[in-house]
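# Reading the structure
In case you want the letters, here they are:
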Amino acid sequence: MDLKPKMRPVRVAVIGGGASGCMAAITAAQAGADVHIFEKNEKPGKKLYATGNGRCNLTNLHMDDSCYHTRTADKNGSSLIHSAIERYSPADQIRFFADLGVPVFDRDGYVYPRTNQAQTVVRALEKRIAALGIRVHTGCPVRKIRRSQQGTKADDAVFYVDCNDREARAFDTVILCTGGMAGPQYGTTGDGYRLAASFSHKISTPLPALTALECRGQFLKRAAGVRCRAAVTLYTGNDKKQIREGREEGEVQMTDYGISGIPVMQISGTAARLLESKQRVFVQIDFLPEFSDSAFSDEIERRMREDRSQMLGDLFLGLVHKKILDLLLAEKGLQAEMKARRIDDAGIRQILQSMREYTLEVIQVKSFKQAQVTSGGIPLEETDANFQSRLQPGLFFAGEVLDVDGRCGGYNLQWAFATGYIAGLAAAHYCRV
Ligand SMILES: Cc1cc2nc3c(=O)[nH]c(=O)nc-3n(C[C@H](O)[C@H](O)[C@H](O)COP(=O)(O)OP(=O)(O)OC[C@H]3O[C@@H](n4cnc5c(N)ncnc54)[C@H](O)[C@@H]3O)c2cc1C
């Protein structure tokens, strides 16, 4: 006969049913915990449907420390990111989904569900959540988490979760998975910061990242709608100091307010942080990124030898989209229909040079509504390696609510799932001393 007292399962409250919340709940339940998810929306996983343009870029096979950024990056901060991705790697992410019955495929390292449908991912998570008997409270925005006086309650609970006017429920641990502020239309309006602040956590100012850039430019509208291969580089101040991590290449989209596209999104977090620190920010566009310096010099020489009786549009034909050429010429007071003899060799060189390094001043980054991720949040130095609060034992964090933002390309979901896994496992084994 087993005379050992039966331990009741650890009661875990997961606040937020997004990527990290679903993962934290599944992991904690699989480890034997009694898990409840509280989700503000009518259904968990609302943002997941929108990820990867409805295809859900789950992770990326190219992974190193430079794929993530934290603003509270002391040595501890960056090593926490590194160890989290080591403990739950892209290979683990792929295995996890295979186990849910969702095989994946990769394109140049970018991993998607085989069906190319984000809804497959959401449904697979829902199925596992139901199979594990996790209780999901939807339409349930958590407004407050209270801490009981330890040991004074008969049920020995540590936390009480207040949601709507329903009676508060008691838990041993809480995992805050409320996301950041990017995509407020999906339910992420920064609630997690307020809840964490009630336990004395500091919040590193949330800023939009992976978003478009609004730029100053009198003639910008002329190029609106153009999509072209280009490289973008960030600069600060008047001395044109280049930002080291700031050069990205890919398809850039010209818009009536500025520029967008994946390379622009990749530099937007850095731009947001520089603007926040009151620096002037410039972006230089190289519309001819595939030209080496010597090939570009040859091109200049060749165009200078062209017949000047032709139109300017013909002299510069074939290098950039017609609307881009119109924009560059307009900035010099010229038009494509004018005769090329209007400009001398220096003028030709200048226009070609502007195709190579067209500079725009960034006024602001597009808002949280257009952003894919939040830069800032709960500082990593306020958590341990399991993302448990150093200020309130039993309180854990996972996902975007933490001060970590990844590059575009599956890195943010990898972070959400990795931290959900780590926090979920630790919460399930949480034991008060
Ligand atoms: C349009 C778009 C496309 C994206 N595409 C990709 C992609 O393809 N690949 C990639 O890696 N990343 C992508 N991202 C980023 C990625 O989706 C997020 O970083 C990730 O979902 C964060 O996971 P999370 O669990 O921390 O937060 P979320 O997934 O945002 O979930 C947080 C949940 O908490 C709930 N919540 C908030 N407050 C409360 C409260 N008080 N009470 C109860 N519930 C609450 C919210 O309703 C939400 O459901 C994309 C983001 C957007 C906006």
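Please read all numbers here as calculations on a predicted model, not as lab measurements.

## Some words on the site of the ligand
The immediate surroundings of the ligand are formed by 33 residues, with Ser20, Glu39, Lys47, Glu400 and Leu413 found nearest. Residue Lys40 places a main-chain N or O atom 3.1 Å away from a nitrogen atom belonging to the ligand. A distance of 2.7 Å separates an oxygen atom of the ligand from a polar atom in the backbone of Leu413. In isolation the ligand offers 990 Å² of accessible surface; the protein chains occlude 96% of this area. Those elements giving two or more residues to the shell around the ligand turn out to be helix 1 (19-30), helix 2 (46-50) and helix 12 (411-428). If one sorts the elements of the shell around the ligand by residue count, helix 12 sits on top with four residues.

## Thoughts on the state of the cysteines
Under the criterion given, the structure shown has one disulfide. Cys228 takes part in no disulfide bond, and the closest cysteine sulfur, belonging to Cys215, lies 13 Å away. There is no disulfide at Cys408, and the cysteine sulfur nearest it, in Cys67, is 12 Å away. What makes Cys408 buried here is its relative accessible area of 13%.

## Regarding the sheet that holds strand 20 (residues 395-397)
Backbone hydrogen bonds are what pair the strands of a sheet, in a parallel or an antiparallel way. The strand order across the open sheet formed by five strands is 7-2-1-11-20, and the pairing between neighbours is parallel. Edge strands, defined here as strands with exactly one partner in the open sheet, are strand 7 (135-137) and strand 20. With strand direction ignored, the average angle separating the axes of adjacent strands in the sheet is 20 degrees. Inspection of the sheet shows strand 2 (residues 34-38) paired to strand 7 by three bridges, in the parallel sense. By the bridge assignment for strand 7, His36 is matched with Arg135. The strands touched by helix 1 within the sheet are strand 1 (11-15), strand 2 and strand 11 (173-176), with strand 2 carrying the most contacts at an inclination of about 165 degrees.

## What to know about the environment of His82
On the secondary structure map, His82 appears in helix 3 (residues 75-87). His82 gets classed as partly exposed once you look at its relative accessible area, which sits at 36%. Separated by 342 residues in sequence, His82 and Gly424 place their C-alpha atoms 18 Å apart.

## Quick notes on the domain arrangement of the protein
The domains assigned to the protein are domain 1 (11-209 + 370-428) and domain 2 (213-365). One C-alpha centre belongs to domain 1, the other to domain 2, and the line joining them spans 40 Å. Listed per partner, the contact involves 11 residues of domain 1 and 10 residues of domain 2. Interface of domain 1 and domain 2: buried area, both sides summed, is about 850 Å²; carbon and sulfur atoms make up 56% of it. The largest share of the area that domain 1 buries against domain 2 comes from Leu207, Arg407 and Cys408, three residues that together contribute 49% of it.

Conventions and cut-offs
Residues numbered from 1 in each chain as written. Predicted model: local features only at pLDDT ≥ 70, side-chain atom pairs only at ≥ 80, totals over all residues. Heavy atoms only, no water. Near = heavy atom within 4 Å. Polar contact = N/O pair within 3.5 Å; in protein donor to acceptor, adjacent residues only side chain to side chain. Areas by Shrake-Rupley, 256 points an atom, 1.4 Å probe, with all protein chains shown as cover. Helix = DSSP H or I, 4+ residues; strand = E, 2+ residues; numbered from the N terminus. Disulfide = S-S within 2.5 Å. Buried < 20%, exposed > 50% of the residue type's maximum accessible area, 1.4 Å probe, protein only. Pairing = 2+ DSSP bridges. Axes fitted to C-alpha atoms, helices over the stretch in contact; angles between N-to-C directions. Contact = heavy atoms within 4.5 Å. Domains from an automatic or database assignment. Buried area = accessible area lost by both parts, 1.4 Å probe.

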